[in-house]
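Residue-level listing of the chains:
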Amino acid sequence: MKILCIGRNYAEHIAELNNERPSEPVLFIKPDTAILRDNEPFYYPEFSQDIHHEVEIVLKINKMGKNIEPKFAHKYYEEIGIGIDFTARDLQSKLKEKGLPWEKAKAFNGSAPISGFIPKGEFNDLNNLNFHLEINGELRQKGNTSMMLWNFDEIIAEISKYFTLKTGDLIFTGTPAGVGSVKIGDTLSAYLEDEKLLEFEIK
Ligand code: ZN
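These numbers were taken from a predicted model, which means no experiment stands behind them. (Residues numbered from 1 in each chain as written. Predicted model: local features only at pLDDT ≥ 70, side-chain atom pairs only at ≥ 80, totals over all residues. Heavy atoms only, no water.)

Regarding the coordination of the zinc ion
Within the protein, the atoms that donate to the zinc ion are Glu 54 (OE), Glu 56 (OE) and Asp 85 (OD), at distances of 1.9 to 2.1 Å. For Glu 54, a relative accessible area of 4% translates into the label buried. In this structure Glu 56 comes out as buried when scored by relative accessible area, which is 0%. (Donors = N, O, S within 2.8 Å, 3.2 Å for Na, K, Ca; no water. Buried < 20%, exposed > 50% of the residue type's maximum accessible area, 1.4 Å probe, protein only.)

See the structure below:
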């Protein structure tokens with residue numbers, strides 16, 4: 001399986017990193033070795049001094065598809081969860097400066113902790129979902145899917161133009177404003193609506 005990620009999908013987050021507002025979504029991929037499950041701890045890597053949290057809603061793909069039209073995209077996922085797109089911001093800044101690919105900064109081991117998944121039918125409106133991240137009990141990031149530049153169906157349509165989606169693939173749908181550093185000893189807790197779905201420690 002693979003993890004597909006959307007960058008720059010929330011306007012306020014684009015502004016905080018001084019990025020350009022894209023005319024199409026920024027896409028990148030993490031390998032399956034990036035996944036942490038079951039609230040496993042994240043081990044702070046030696047190659048970075050500035051690991052950032054990005055809390056994101058995650059879609060789990062439930063059938064194979066490519067060139068999917070937005071109006072059919074809802075048939076390709078039944079469950080959603082929450083995850084953290086860990087980013088070595090110091091490395092990413094260097095790579096961006098040189099115009100190089102982001103893999104070292106985005107796709108490293110443990111860079112994608114994920115929660116369990118919930119049937120999407122449990123939510124009234126997928127285009128109006130609240131989610132947030134707390135660190136040591138303090139609110140750090142808060143988003144609502146109504147603030148996305150591309151909604152879930154548009155994301156699936158765009159990704160599937162380039163990458164065939166397969167059962168079990170995961171899509172990270174972008175982070176709202178408020179990204180920042182984590183440090184060893186922090187506890188991260190991520191919520192979808194009012195339900196805590198993910199909680200783990202930085203070691
Ligand atoms: Zn992200």
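Having seen the structure, we can now continue with the description.
Concerning the nonpolar core
Membership of the largest hydrophobic core comes to 46 residues, with the highest contact counts inside it found for Ile 80, Phe 86, Ile 156 and Ile 171. At the level of elements, strand S1 (3–7), strand S5 (55–61), strand S6 (77–84), helix H2 (89–98), strand S10 (130–135), helix H4 (152–162), strand S14 (187–192) and strand S15 (195–201) are the ones that each hand at least two residues to this core. The residues contacting Ile 171, other than those within four sequence positions of it, are Leu 4, Ile 57, Val 58, Leu 59, Ile 61, Ile 155, Ile 156, Ile 159 and Leu 165. Formed by 12 residues, the second largest nonpolar core is a distinct cluster that contains Cys 5, Ala 34, Ile 35 and Phe 172. (Core = buried A, V, L, I, M, F, W, Y, C linked by side-chain atoms within 4.5 Å. Helix = DSSP H or I, 4+ residues; strand = E, 2+ residues; numbered from the N terminus. Contact = heavy atoms within 4.5 Å.)

Section: the sheet that holds strand S7 (residues 87–88)
Across the sheet, 3 strands lie side by side as S7-S4-S13; this open sheet has antiparallel pairing. Every other strand in the sheet has two partners, leaving S7 and strand S13 (180–181) as the edge strands with one partner each. As paired strands, strand S4 (residues 51–53) and S13 are joined by 2 bridges and run antiparallel to one another. Residue His 52 lies in a different strand from S13, and its bridge partner there is Ser 181. (Pairing = 2+ DSSP bridges.)

Quick look at the pattern of salt bridges
Side chains carrying opposite charge are able to pair once their charged atoms draw close together. Summed over the entire model, instances satisfying the criterion amount to 11 salt bridges. Residues Glu 79 and Lys 60 are paired through a salt bridge, measuring 3.7 Å at the closest nitrogen-oxygen approach. On the criterion of sequence distance, the pair formed by Glu 79 in strand S6 and Lys 60 in strand S5 is long-range, its members being 19 residues apart. Since its relative accessible area comes to 27%, Glu 79 is described here as partly exposed. You can call Lys 60 partly exposed: its relative accessible area is 29%. Across the pair Lys 196 and Glu 199 runs a salt bridge, and its minimum N-O distance is 3.0 Å. (Salt bridge = Lys/Arg side-chain N within 4 Å of Asp/Glu carboxyl O.)

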